[in-house]
Amino acid sequence: MSENSPLLLNGKAVADNVSPPRNNGGGGIIVTTPSLNESPHTPTIDTGSYRHRRSSVVAIAAAEAILQDRKKGRTKHAQQEYESFYRIPSLTSIGSLEADVAAKERLEDERNKTKQKISSDECHSVTGIIQQISSQIPAVIIAAGLNFMVGIPFGASYFPTELQLQGKEVLGFRMFLFSTMIAQLVITFASKFDNGIGLQMVENVPFCLELARIVMSEQSDESGTTSTLFFLFGVSSVLVGLVFYLLGRLEMGRIVYFFPSHVLVGCIGGIGVFITITAIEVATNTTFSFTPQGFNDSIVSQFNLLLPVFAFEIFLRLMMHATKGKYSLLPPVFYCLITPVFYFSLYALGVDIDDAEDAGYFFPPIKSTESAFSWSLLDIFTEIHFWNISWKAVFKAIPTMMSLTAFSLIHVPINIPAFAISTNTEPDMNAELIAHGYSNFISGIFGGLQNYMTYSNGVIYSKSNGRGKCSSLAIVALTGFIFIYGPLLCVYVPRCMAGTLLLHVGIDLFIEGVVESYHDYDSLEYSGIILITITMTLAGMDAALVAGFIAALSTYAVQSITYQHPIKGAMCAATLRSSAWNRSGEAQQILLDKKKGRERILVIQCQGHIFFGNSTILKESVLELLVERRRSGDDPIVVILDFTHVLAIDSSSAMTIEKLKDSIIKSFGVEVVIFVCGHEDGFRCHYDLSLKVNGGAANKREGSSKRLLDPIDIGEEDPIMFETCKEPIHPNTSRAQARASVTARALDVSNGHSGYKNAVMADIPNSHVCETLDDALIFAEDVLVAVQDAM
């Protein structure tokens, strides 16, 4: 062992009964054993050695500190810190845990002081301040620019095109930015990530359209419609926030993983179709429907407006295919270039901008009016008037809000782990859920939309070297600037840019939900995905929720019947041994006999959920096994049905199992059927199956007029008992006394008790319930010996 090898931990040294090796001053290593007077838990070391060895805890901590500082370009400071810690004062018992903890705490304290000193030096340095700000400016501009670019198309899609209200695009744009700002502000202080990006939950656009159409069906006046609709937006966000918060506070973040994945994938495919349709409606300013008239009005007659959208989308797809997805900034940069390229195309073709605006290539210009949908800065906060709310529409919208809440839950478990992997960060799912609860609740209080921490924008921001609270607050400030002055710029953005972005997102979601999932799911699950996608497209979100519920139940029922056979396996007990080793030689000879011993015990193991759908299969399979054994001449004397691996049994299947016991005894001449419940409380069902198969008047052997004996029936004077245990049997017996049945007590009866043998044979129960398989094997072996003993 070299001189610089780390000191063995205290527990290891004691386990080997040898103290850690030490230097004897002359270069040799001395290994000492503790004396009788020394504590065996305190190994000694030579404190006068050339260099004190550290414990593994301290060494690892110092190595981690050096590695972290080296990554940050502070190797010199790290070396100084490490050298200062190498001069730790002498410790008389460095192997103790207290010394390790103290050294590690000292290391952390001085490392933090070093970091604070370095940070303070950088902050007070003009050059450091300039470098820190300049390094964050591109990331801040990119993040805020993405908010502006994404807000234009999605802001125009929150309200149906048939809702003829002036300025709705500007109102939707500011709704998007407000929810995004709230999310970014909360993430800055409540999230564990220092480079997270908040965004309005754009996947919920179809739910917003559904809520708007529900309100429009109940109200026609402008003021009432906007009051009810914004009230529903706010309530939906508050509900989402409360669910997120409760899941995080109760540390139930993993509950979202219990949603069937194929149902969620079907919803993603349906959302993709919805957003694709929205892209057509935004680009053409029409209402699309799956009718000949709808195709003619939105596509055929408006194909000139859709042509640039399709051209840009095809060109983007070709570029992504050519680059093979190597450049994550390609789509956002492409979207930014659509506007100048469109203007250049108009100039090259000699088309006047006013003519293009009249033809519908641009969003309508902003006009200041007295309408509730004016472009006033505070419109989104003043739209709710409680006296104008239609409570009938609110009640009618409850299923849609429930669907929205359920669908909102799937984003955080997907985005957070993925973003943590991309940024090499350890996530705290419960803390992130609480942060999402705060952001959605605050947004909902002001009538805002739902939000979340986005993955795609966050990765772009992180790769642009964006991080820290100052940078995040700068994004909030710049987004606020866009919130105020952005609508003035929106009128110069062509509709084809918004349509291209929406079309690209919609196609991506459809591919993810329907195309790429084809090889990931079996035919039954994929059929559920197609059903949900089609239902959501044709009948709306509420019908899709019902379709998803039906698909989940159908998949569960069919898979339980098809893919998990209720019988796991069957075998004779020739290779199985119980824990009863202390049997007499005569009993061992009986059990080893191929015709009379363990070969005549058939063990059948059941598994999974046994319910009305597969209980018949269980019964038929057991009977078929017995028929095969009869044909081969190996009729079992005892059958053990092991339910240890069964998760649940419903009442219908419990009754079937009770009938199965009678069929086995009457049709195949089996002496005893033993049931292994696998639990101390009995079978996992509400039906009292233990009582039905283990007692009562029905549990009588043919030819015996007397009731079967039980341990409770044996009095103190009954001579039938174990030779090795002369104590009477009482109801409250331990597991070691579980063999104290009438059959078990017949095994060790002396020759003088031969008169009881026939009576004992008549009293062997034709069925019995055991808690474990070992108990069942003991009981079965006792039956085999008792059967031969009674002959």
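The structure reproduced in this document is the subject of the present report. (Residues numbered from 1 in each chain as written. Predicted model: local features only at pLDDT ≥ 70, side-chain atom pairs only at ≥ 80, totals over all residues. Heavy atoms only, no water.)

**Description of the sheet that holds strand β7 (residues 638–649)**
Turning to step 1, where the next piece is worked out: Taken in spatial order, the five strands of this open sheet run β5-β6-β7-β8-β9, and their pairing is mixed. The sheet terminates laterally at β5 (567–572) and β9 (767–770), the two strands that pair on one side only. Along the sheet, successive strands turn relative to each other by an average axial angle of 15 degrees, direction set aside.
Turning to step 2, where the next piece is worked out: Strands β5, β6 (601–610) and β7 of the sheet are contacted by helix α24 (residues 615–631), whose axis makes an angle of about 165 degrees with β6.
Turning to step 3, where the next piece is worked out: Across the sheet, helix α25 (residues 651–668) lies against β6, β7, β8 (672–676) and β9, angled at about 175 degrees from β7, the strand it touches most. (Pairing = 2+ DSSP bridges. Helix = DSSP H or I, 4+ residues; strand = E, 2+ residues; numbered from the N terminus. Axes fitted to C-alpha atoms, helices over the stretch in contact; angles between N-to-C directions. Contact = heavy atoms within 4.5 Å.)

**Structural notes on a nonpolar patch on the surface**
Turning to step 1, where the next piece is worked out: Taken together, Leu 239, Leu 242, Leu 378, Phe 381, Tyr 438, Phe 441, Ile 442, Ile 445 and Phe 446 make up a surface patch of nonpolar side chains, about 800 Å² in accessible area.
Turning to step 2, where the next piece is worked out: A total of four residues in the nonpolar patch trace back to one element, the largest contributor, which is helix α17 (residues 429–445).
Turning to step 3, where the next piece is worked out: Positionally, Leu 378 belongs in the loop between α13 (353–358) and α14 (391–396). (Patch = residues over 30% accessible without salt bridge, like charges linked within 9 Å, V, L, I, M, F, W, Y side chains within 5 Å. Areas by Shrake-Rupley, 256 points an atom, 1.4 Å probe, with all protein chains shown as cover. Salt bridge = Lys/Arg side-chain N within 4 Å of Asp/Glu carboxyl O.)

**Observations regarding the environment of Ala 279**
Turning to step 1, where the next piece is worked out: The topology assignment puts Ala 279 in helix α9 (residues 261–284).
Turning to step 2, where the next piece is worked out: Sequence separation of Ala 279 and Leu 502 is 223 residues, and the distance between their C-alpha atoms is 5.0 Å.
Turning to step 3, where the next piece is worked out: Discounting residues that sit within four places of it in the chain, Ala 279 has contacts with Gly 499, Leu 502 and Leu 503.

**Observations concerning the packing of aromatic side chains**
Turning to step 1, where the next piece is worked out: The full count for this structure, using the stated rule, is 24 aromatic pairs.
Turning to step 2, where the next piece is worked out: Relative to Tyr 526, the ring of Tyr 518 lies with its centre 5.2 Å away and its plane at 90 degrees, an arrangement referred to as edge-to-face.
Turning to step 3, where the next piece is worked out: Overall, the relative accessible area of 48% leaves Tyr 518 in the partly exposed class.
Turning to step 4, where the next piece is worked out: Of the residues examined, Tyr 526 reaches a relative accessible area of 16% and is grouped as buried.
Turning to step 5, where the next piece is worked out: Cluster of aromatic residues (ring-pair linked, three or more members): Phe 312, Phe 315, Phe 334 and Tyr 335.
Turning to step 6, where the next piece is worked out: A cation over an aromatic ring shows up here: Arg 174 above the ring of Phe 483, its NZ or CZ 5.6 Å from the ring centre. (Phe/Tyr/Trp six-rings, centres within 6.5 Å; stacked < 30°, edge-to-face > 60°. Buried < 20%, exposed > 50% of the residue type's maximum accessible area, 1.4 Å probe, protein only. Lys NZ or Arg CZ within 6 Å of the ring centre and 35° of its normal.)

**Considerations on unusual backbone geometry**
Turning to step 1, where the next piece is worked out: Phi at Glu 251 takes a positive value of approximately 55 degrees, unusual for a residue other than glycine.
Turning to step 2, where the next piece is worked out: Within the secondary structure, Glu 251 is located in the loop between α8 (222–249) and α9.
Turning to step 3, where the next piece is worked out: Classification of Glu 251 as exposed rests on a relative accessible area of 63%.

**Overview of a negative patch on the surface**
Turning to step 1, where the next piece is worked out: A grouping of Asp 352, Asp 354, Asp 355, Glu 357 and Asp 358 is seen on the molecular surface, where their side chains present a negatively charged patch.
Turning to step 2, where the next piece is worked out: Looking at where Asp 358 falls in the secondary structure, it is placed in helix α13.
Turning to step 3, where the next piece is worked out: Classification of Asp 358 as exposed rests on a relative accessible area of 66%. (Lys, Arg positive; Asp, Glu negative; His and termini not counted. Charge placed at Lys NZ, Arg CZ, Asp CG, Glu CD.)

**Brief notes about the nonpolar core**
Turning to step 1, where the next piece is worked out: Counting residues in hydrophobic clusters, the biggest one holds 102 residues, and the most contacted among them are Ile 152, Phe 154, Tyr 158, Phe 159, Met 175, Phe 233 and Ile 271.
Turning to step 2, where the next piece is worked out: Setting aside anything within four residues of it in sequence, one finds Met 175 in contact with Phe 159, Phe 230, Phe 233, Ile 380 and Leu 449.
Turning to step 3, where the next piece is worked out: In terms of nonpolar packing, the next biggest core, distinct from the first, is built from 29 residues, Leu 641, Phe 668, Cys 677 and Tyr 687 among them. (Core = buried A, V, L, I, M, F, W, Y, C linked by side-chain atoms within 4.5 Å.)

**Thoughts on helix α18 (residues 456–463)**
Turning to step 1, where the next piece is worked out: Here α18 lies mainly inside the structure; six of its eight residues are buried.
Turning to step 2, where the next piece is worked out: Looking only at α18, the buried set comprises Asn 457, Gly 458, Val 459, Ile 460, Tyr 461 and Ser 462.
Turning to step 3, where the next piece is worked out: Residue Asn 465 follows α18 closely and has a positive phi angle near 70 degrees.

**A look at the pattern of salt bridges**
Turning to step 1, where the next piece is worked out: Under the definition given, this model contains ten salt bridges.
Turning to step 2, where the next piece is worked out: Here Lys 392 ties to Glu 218 by a salt bridge, and the two come within 3.8 Å at their closest N and O atoms. Of this pair, Lys 392 sits in helix α14 while Glu 218 sits in helix α7 (residues 205–218), and the two are 174 residues apart along the sequence.
Turning to step 3, where the next piece is worked out: Under the relative-accessibility criterion, Glu 218 is labelled partly exposed at 27%.

**What about the side chain of Thr 286?**
Turning to step 1, where the next piece is worked out: With respect to the helices and strands, the residue Thr 286 is situated in the loop between α9 and α10 (292–300).
Turning to step 2, where the next piece is worked out: At a separation of 2.7 Å, a polar atom in the side chain of Thr 286 contacts the side chain of Thr 284.
Turning to step 3, where the next piece is worked out: In contact with Thr 286, not counting residues within four places along its chain, are Thr 161, Glu 281, Asp 297, Ser 298 and Gln 302. (Polar contact = N/O pair within 3.5 Å; in protein donor to acceptor, adjacent residues only side chain to side chain.)

**Notes on the pairing of β8**
Turning to step 1, where the next piece is worked out: The element β8 is largely enclosed, with a buried count of five among its five residues.
Turning to step 2, where the next piece is worked out: Taking every second residue as pointing to the same face, both faces of β8 are buried, with Val 672, Ile 674 and Val 676 on one and Val 673 and Phe 675 on the other.
Turning to step 3, where the next piece is worked out: Considered for its hand, the β-α-β crossover made up of β7, α25 and β8 is right-handed.
Turning to step 4, where the next piece is worked out: Examined bridge by bridge, β8 and β9 share four bridges and lie parallel to one another. Looking at the pairing, Val 676 lines up with Cys 770 of β9. (Right-handed = clockwise from strand over helix to strand, strands pointing away.)

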